[in-house]
Structure formats: C-alpha cells, structure tokens
Amino acid sequence: MAQVRRAEPHGADLVVHIVPMRRRHLRSVLRIETQVYPRPWSLSLFMSELALRSSRAYYVARVGGVVVGYCGLMLTGEDAHVTTIAVDPGWHRHKIGTRLLHNLATEAGRRQAKHLTLEVRVSNHGAQEMYRRFGFRPAGIRKNYYVETNEDALVMWAEDIDTAAYGERLAKIEAGVPGTTVVEQVG
C-alpha cells in the first residue's frame, strides 16, 4: 500500500505559531540545528541561554504542532543581538524566517532596544537579503568568525528600531507575509 503524504499548507492556508522556546522544544530545535549548521549548538548551551530570561528571548515557530524554525535574541542596554535564527530546510520558502525575525524585532522594541545586530556568513546572500528588508546594513567583517570553515561573518546593524518609521517597516513586512502568524509573547 502506498503511503499518502499530507500536503504542507502554504500561502493563505498556512498558520504559524510563534511561541516562547521551552525545554520540551529542544529535541526538535537540535534536529534543525544539526541540519543547518556545521557546528551546532549543544543542548547545554540552549539550556543555559533559556535560563537567562531577563536578557534573552528564544522562540520556536510551529506548524501543526511541529517545530519548523527557531530564533534567539540577547539584550544588552540599547542593543539587541540576534543570537540564532534557523528554519528546517523542508520549510524554506514559507516565510518562516521572516516571521521569526519580525518577532525578534518586535520583542527587541518591546524591551526598549534601539538597535539590532547580527552576524551572517558572507556567502549567505539569501539571509542577507532578508536582513536588508528589515533595515539591516553592513557594518564590518569578522575574519574567520565561523571557525569550522574559516568563513568571514558580515556584521549587520539595524538602527533606530524604536522609531515610528521602523514600526511602519515592520507593518509592511508583516502585511506581505501570506497566511496567519499567531504570536505568544514571553511573559
């Protein structure tokens, strides 16, 4: 008997839940982590990050109860740093990364950050394009940042995320994402 594979929802039918990352999500997070990063974070690193609630915010994206992506944010004063963002390769091109980054930018603003920063592989042009839509601009290079491949990182910053103009940018990005995004904020 042939197996029937349920079609993935897409476009207007897609409902993505963005929820605070919890310990119960880590098995799925680590599965994605090992698929997308040559040097994945360990369980203990994720656990230590989750314990730092006042200065960190981690989320997972779920579709039909399945974790399809995750992201993290570190807050220090007026700056917020995207520590990680990843999407299950089977869910690329469904705007999961856009939804996650939108949520991080919103959370950074909610926590009074004025600027957002991140590092991205110089070869990852797709991610850089998404970051540019969010107002990130190149600010420098970290030589051999990714030690497993000796690849440089492009440092990018989005300034003045606490302004009405940035809020309008986020609203425009959100309006361009098909389907529904349901967000549960950290307490």
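The shown structure was predicted, so the numbers you read here are calculated from the model rather than taken from an experiment.

## Observations concerning helix α3 (residues 96-110)
Thought 1: Along its 15 residues, α3 runs 21 Å from first to last C-alpha, staying within 8% of the 21 Å computed at 1.5 Å per residue.
Thought 2: Counting buried residues in α3 gives 12 out of 15 residues, a clear majority hidden from the surface.
Thought 3: Directly beyond the C-terminal end of α3, a positive phi value near 70° is found at Gln-112.

## Here we look at a positive patch on the surface
Thought 1: Among the surface-exposed residues, Arg-132, Arg-137, Arg-169 and Lys-172 lie close enough to one another that they form a single positively charged patch.
Thought 2: Looking at the secondary structure, you find Arg-169 in helix α5 (residues 164-175).
Thought 3: Look at Arg-169 and you get partly exposed, because its relative accessible area is 31%.

## Side note on helix α1 (residues 26-36)
Thought 1: For α1, the full list of buried residues reads Leu-26, Val-29, Leu-30, Ile-32 and Glu-33. Projected down its long axis, α1 shows its buried positions confined to an angular sector of 165°, all on one face. For α1, exposure combined with an orientation more than 90 degrees from the buried face picks out Arg-27 and Thr-34.

## Some points on the environment of Asp-88
Thought 1: Take Asp-88: it is sitting in the loop between β4 (79-87) and α3.
Thought 2: The spacing of Asp-88 and Ser-123 is 35 residues in sequence and 19 Å in space, taken between C-alpha atoms.
Thought 3: Excluding residues that lie within four positions of it along the chain, Asp-88 makes contacts with Arg-31, Ile-32, Gln-35 and Val-68.
Thought 4: In this structure the side chain of Asp-88 is engaged in a polar contact, spanning 2.8 Å, whose partner is the side chain of Arg-31.

## Here's the deal with the pairing of strand β2 (residues 56-63)
Thought 1: A large share of β2 lies buried, amounting to seven of its eight residues.
Thought 2: As paired elements, strand β1 (residues 15-20) and β2 share four bridges and run antiparallel to each other. Paired with His-17 across the bridge in β2 is Arg-62.
Thought 3: Direction of pairing for β2 relative to strand β3 (residues 66-76): antiparallel, over a ladder of eight bridges.

## Overview of the side chain of Glu-151
Thought 1: Turning to its location among the elements, Glu-151 is positioned in strand β7 (residues 151-158).
Thought 2: By relative accessible area, which is 16% here, Glu-151 ends up buried.
Thought 3: With residues near it in sequence (within four places) discarded, Glu-151 still touches Arg-121, Val-122, Ser-123, Asn-144, Tyr-145 and Tyr-146.

## Some words on the layout of surface pockets
Thought 1: When its volume is computed, the largest pocket comes out at roughly 1200 Å³.
Thought 2: Along the wall of the largest pocket there are 35 residues; nearest its centre are Tyr-37, Ile-85, Asn-124, Ala-127 and Tyr-131.
Thought 3: Contributions of two or more residues to the lining of the largest pocket are made by α1, β4, α3, β5 (115-121), α4 (125-133) and β6 (137-146).
Thought 4: Of the residues forming the lining of the largest pocket, the biggest block, seven residues, is contributed by β4.
Thought 5: Its residues placed into classes, the lining of the largest pocket shows 17 nonpolar, nine polar and nine charged.

How each quantity is defined
- Residues numbered from 1 in each chain as written.
- Predicted model: local features only at pLDDT ≥ 70, side-chain atom pairs only at ≥ 80, totals over all residues.
- Heavy atoms only, no water.
- Helix = DSSP H or I, 4+ residues; strand = E, 2+ residues; numbered from the N terminus.
- Expected span 1.5 Å × (residues − 1).
- Buried < 20%, exposed > 50% of the residue type's maximum accessible area, 1.4 Å probe, protein only.
- Patch = residues over 30% accessible without salt bridge, like charges linked within 9 Å, V, L, I, M, F, W, Y side chains within 5 Å.
- Areas by Shrake-Rupley, 256 points an atom, 1.4 Å probe, with all protein chains shown as cover.
- Salt bridge = Lys/Arg side-chain N within 4 Å of Asp/Glu carboxyl O.
- Lys, Arg positive; Asp, Glu negative; His and termini not counted.
- Charge placed at Lys NZ, Arg CZ, Asp CG, Glu CD.
- Arc of directions from axis to C-beta.
- Contact = heavy atoms within 4.5 Å.
- Polar contact = N/O pair within 3.5 Å; in protein donor to acceptor, adjacent residues only side chain to side chain.
- Pairing = 2+ DSSP bridges.
- 1 Å grid on protein atoms, 1.4 Å probe; cavity = no way out; pocket = protein on both sides within 12 Å on 5 of 7 lines; lining within 4 Å.
- Points joined across faces, edges and corners; volume = space filled by probe spheres on them.
- Nonpolar A, V, L, I, M, F, W, Y, C, P; charged D, E, K, R; others polar.

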